[in-house]
Amino acid sequence: MDGRAPRDGRVLEELGIYDPLVPETDARAILNGERIAYWLGVGASPSENASVLIKKYGLNGTHLELQKAALERLSQKRRRLTVSEIPTSTPRPKKQKPEKVEAEPAAVAPAADPAPVAEPAPEATE
């Protein structure tokens, strides 16, 4: 990145990739060591994080053998399917929605009169 450009500004050249979602730690960063050496030779100054990655995975990196082994393990896990191995899908029958059955309207009974309330019996006096 050009130091005079904004944070998300124009990129001069991409020198590698870093994917934190790769399960193999040493396969996460893949750098172009020759181009990195060129830019360092003409005065580019990498950030702290980029310096660590260059030290590990640059031209004379300390983790290059581990990186090659990790990339090999990943490539074995991701074997490619041939055309004959690709499953052919058959269309599934669509699920039919149950038909709505309209209920016949129930005969509405007229409201019944409430039962008469019995009056309390008068108390007997002696």
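Everything discussed here concerns the structure shown above.
Treat the numbers as computed from the prediction; the structure is a model and nothing was measured.

### Details of the overall build of the protein
Now for step 1: For the protein, the count of helices and strands is 3 helices and 2 strands.
Now for step 2: Along the protein, helices and strands appear, N-terminal first, in the series β-β-α-α-α.
Now for step 3: Taking all 126 residues of the protein together, 10% fall into the buried category.
Now for step 4: Surface exposure of the protein reaches about 12200 Å², of which carbon and sulfur atoms provide 55%.

### Section: the side chain of glutamate 24
Now for step 1: As for its placement among the helices and strands, glutamate 24 is situated in the loop between β1 (16–18) and β2 (29–31).
Now for step 2: With near-sequence residues (within four places) excluded, glutamate 24 lies in contact with Ala70, Arg73, Leu74 and Lys77.

### A few points about a nonpolar patch on the surface
Now for step 1: Taken together, Ile17, Ile30 and Leu71 make up a surface patch of nonpolar side chains, about 240 Å² in accessible area.
Now for step 2: By secondary structure assignment, the location of leucine 71 is in helix α3 (residues 64–77).

### A word on the side chain of aspartate 26
Now for step 1: Note that aspartate 26 resides in the loop between β1 and β2.
Now for step 2: Despite being buried, aspartate 26 has no salt bridge partner; arginine 73 is the closest side chain of opposite charge, sitting 5.9 Å away.
Now for step 3: A distance of 2.9 Å separates polar atoms of two side chains, one belonging to aspartate 26 and the other to tyrosine 57.
Now for step 4: Filtering out sequence-adjacent residues up to four positions away, aspartate 26 remains in contact with Tyr57, His63, Leu66, Gln67 and Ala70.

### Let's talk about the pattern of salt bridges
Close approach of charged atoms allows side chains with opposite charge to pair.
Now for step 1: For the coordinates displayed, the defined rule picks out 2 salt bridges.
Now for step 2: Across the salt bridge formed by glutamate 13 and arginine 35, the nearest N and O atoms sit 2.8 Å from each other. With glutamate 13 in the segment before β1 and arginine 35 in helix α1 (residues 33–41), the pair connects residues that are 22 residues apart, well separated along the chain.
Now for step 3: The exposure class of arginine 35 is partly exposed, given its relative accessible area of 29%.

Conventions we followed
Residues numbered from 1 in each chain as written. Predicted model: local features only at pLDDT ≥ 70, side-chain atom pairs only at ≥ 80, totals over all residues. Heavy atoms only, no water. Helix = DSSP H or I, 4+ residues; strand = E, 2+ residues; numbered from the N terminus. Buried < 20%, exposed > 50% of the residue type's maximum accessible area, 1.4 Å probe, protein only. Areas by Shrake-Rupley, 256 points an atom, 1.4 Å probe, with all protein chains shown as cover. Contact = heavy atoms within 4.5 Å. Patch = residues over 30% accessible without salt bridge, like charges linked within 9 Å, V, L, I, M, F, W, Y side chains within 5 Å. Salt bridge = Lys/Arg side-chain N within 4 Å of Asp/Glu carboxyl O. Lys, Arg positive; Asp, Glu negative; His and termini not counted. Polar contact = N/O pair within 3.5 Å; in protein donor to acceptor, adjacent residues only side chain to side chain.

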